[in-house]
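One letter stands for each residue in the lines below.
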Amino acid sequence: GGSSGGGNSGNSSGGGVGFIKIIPPTTGIVGVAPEYPLPGTGDYWKGVFIKDRKVKLSPYKLGKTEVTYELWHEVLTWAESNGYTFANKGKEGSHGTEGAAPTEAGKKEPVTEISWRDCIVWCNAYTHKTNNAESECVYRKSKTDIAVLKNATDTAACDAAYADMSKKGFRLPTEAEWEYAARWQGSDKTNAVQYGDVWLTKLNSASGAKDKWDTAETGEVAWYNVNSGYKTHPVGEKRANALGLHDMSGNVWEWCFDWYDTIAAENVTDPQGAASGTGRVLRGGCWLINANGC
């Protein structure tokens, strides 16, 4: 688990958040080495689209905002009376009480204090609730055992989760989907570099920022330790990125599906990360992180 989970769920026709359809180039995103200083020296600063690697992504949808506590709690309440179990009931932003009813003042704040396992079970519950059926649930026990994952306290089953991408339900983005959505600029060259057929925001910048991390631009798009007042804020208050997505940097971390691993250089289509690992990917930084961490 992470301290401030609560990602943007992908892939659905359902309501509740508002989704952006993202159509990556069929030619793939071709990696480029940064020719500008990064905030740190570790390989992870270079992201998913590393030099000469080609990543092809299928079209997908991403929520315009982080999942609000209001939506989280609505689905949670339904789920708990329909066979779903959570390890953590979630909190309203940085100052809420676990599992409490949403407040008028804080219901649009993002849900926090939820594990990756809680997220995949919640995504299945949201799909089930929205479709009035389990048929489109993405997360299953395995490719052969297609039982829907409903218990976030069953750590072994959740950690072995199989994501059936033929389903139309809600899910977490993969790390490659998250980064592409955070950095996409189309043909806008402002503070961007060309990766194949598209321009992506430079790696030393927050999502949607028009300048590097150590400038005032970070505060235009992100709630972080300089401007957050050391608390979360309602989703969608900061300027959106080029796709119309908010808070991809700052406010709360987003969970991705992938196990954390080093990025291999081979060309890939719809990568989902390593087959196993010790932790799941978090991206985007949060309200208590400094600008380079966002």
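Up top is the structure.
Predicted model only: the values in this text are computed from it and were never measured.

Caption draft 1: Looking closely at unusual backbone geometry. The backbone of Asp-52 sits at a positive phi, close to 70 degrees, despite the residue not being glycine. The topology assignment puts Asp-52 in the loop between strand 2 (29-30) and strand 3 (54-56). A relative accessible area of 54% means that Asp-52 is categorised as exposed. Positive phi outside glycine occurs at Glu-113, with the angle close to 60 degrees. Checked against the element boundaries, Glu-113 lands in the loop between strand 6 (111-112) and helix 2 (116-131). The exposure class assigned to Glu-113 is partly exposed, which follows from its relative accessible area of 36%.

Caption draft 2: Structural view of the side chain of Asp-247. Within the element layout of this structure, Asp-247 appears in the loop between helix 5 (217-221) and strand 11 (254-259). No salt bridge is formed by the buried Asp-247; its nearest oppositely charged neighbour, Lys-238, is found at 8.1 Å. A polar atom in the side chain of Asp-247 sits 2.9 Å from the backbone nitrogen of Gly-236. Aside from chain neighbours lying at most four places away, what touches Asp-247 is Glu-66, Trp-223, Val-235, Gly-236, Lys-238 and Glu-254.

Caption draft 3: Inspection of the nonpolar core at higher detail. By size, the foremost hydrophobic cluster in this structure holds 34 residues, and its most contacted members are Trp-72, Tyr-84, Phe-86, Ile-120, Trp-122 and Tyr-139. Elements that contribute at least two residues to this core include exactly helix 1 (69-80), helix 2, helix 3 (155-159) and strand 11. Ranked by residues supplied to this core, first place goes to helix 2 with 8 residues. With residues near it in sequence (within four places) discarded, Ile-120 still touches Tyr-139, Leu-149, Cys-158, Ala-161 and Leu-172.

Caption draft 4: Molecular detail of the pattern of salt bridges. Considering all chains together, one arrives at 14 salt bridges under this definition. Note that Arg-283 and Glu-175 form a salt bridge whose closest N and O atoms lie 2.9 Å from each other. Taken together, the residues Arg-283 in strand 13 (residues 280-283) and Glu-175 in helix 4 (residues 175-183) connect sequence positions 108 residues apart. Exposure class is identical for Arg-283 and Glu-175. Each is buried. A salt bridge links Glu-217 to Arg-239; the shortest N-O distance between them is 2.7 Å. Taken as a pair, Glu-217 in helix 5 and Arg-239 in the loop between helix 5 and strand 11 lie far apart in primary sequence, 22 residues in all. Here the salt bridges share partners, and the residues they tie into one network are Glu-70, Glu-104, Lys-107 and Lys-108.

Caption draft 5: View of the packing of aromatic side chains. Throughout the structure, instances matching the rule amount to 10 aromatic pairs. On the basis of an interplanar angle of 75 degrees and a centroid distance of 6.5 Å, the ring pair of Phe-49 and Tyr-180 is categorised as edge-to-face. A residue pair is termed long-range when its members are at least 10 positions apart, and Phe-49 in the loop between strand 2 and strand 3 and Tyr-180 in helix 4 qualify at 131 residues. The burial state of Phe-49 is the same as that of Tyr-180; both residues are buried. Look at Trp-122 and Tyr-126: their rings are 5.0 Å apart centre to centre, the planes differ by 45 degrees, and that puts the pair in the tilted class.

Caption draft 6: The arrangement of the side chain of Glu-254 in detail. Inspection of the secondary structure puts Glu-254 in strand 11. Arg-283 provides the closest opposite charge to the buried, salt-bridge-free Glu-254, at an N-O distance of 8.2 Å. Here Trp-178 takes part through its side chain, which lies 3.1 Å from a polar atom of the side chain of Glu-254.

Caption draft 7: Seen up close, the environment of Gln-185. Looking at the secondary structure, you find Gln-185 in the loop between helix 4 and strand 9 (192-195). Distance from Gln-185 to Thr-201, taken between C-alpha atoms, is 6.6 Å for residues 16 residues apart in sequence. Polar side-chain contacts of Gln-185 include one of 2.7 Å to the side chain of Thr-201.

Caption draft 8: Spatial organisation of the environment of Pro-234. Inspection of the secondary structure assignment puts Pro-234 in the loop between helix 5 and strand 11. Accessibility expressed as a relative area gives 22% for Pro-234, which makes it partly exposed. Pro-234 sits 160 residues away from Glu-74 along the chain, and the two C-alpha atoms are 17 Å apart. Those residues in contact with Pro-234 that lie beyond four places of it in its chain are Lys-108, Glu-109 and Asn-251.

Caption draft 9: Spatial organisation of helix 2. End to end, helix 2 covers 23 Å across 16 residues, agreeing with the expected 22 Å (1.5 Å per residue, within 8%). Burial analysis of helix 2 places 12 of its 16 residues in the buried class, which makes it a mostly covered element. All of the buried residues along helix 2 are Trp-116, Asp-118, Cys-119, Ile-120, Val-121, Trp-122, Cys-123, Asn-124, Ala-125, Tyr-126, Thr-127 and His-128. Positive phi shows up at Asn-132, right after helix 2, with a value of about 55 degrees.

What counts, and at which threshold
Residues numbered from 1 in each chain as written. Predicted model: local features only at pLDDT ≥ 70, side-chain atom pairs only at ≥ 80, totals over all residues. Heavy atoms only, no water. Helix = DSSP H or I, 4+ residues; strand = E, 2+ residues; numbered from the N terminus. Buried < 20%, exposed > 50% of the residue type's maximum accessible area, 1.4 Å probe, protein only. Lys, Arg positive; Asp, Glu negative; His and termini not counted. Salt bridge = Lys/Arg side-chain N within 4 Å of Asp/Glu carboxyl O. Polar contact = N/O pair within 3.5 Å; in protein donor to acceptor, adjacent residues only side chain to side chain. Contact = heavy atoms within 4.5 Å. Core = buried A, V, L, I, M, F, W, Y, C linked by side-chain atoms within 4.5 Å. Phe/Tyr/Trp six-rings, centres within 6.5 Å; stacked < 30°, edge-to-face > 60°. Expected span 1.5 Å × (residues − 1).

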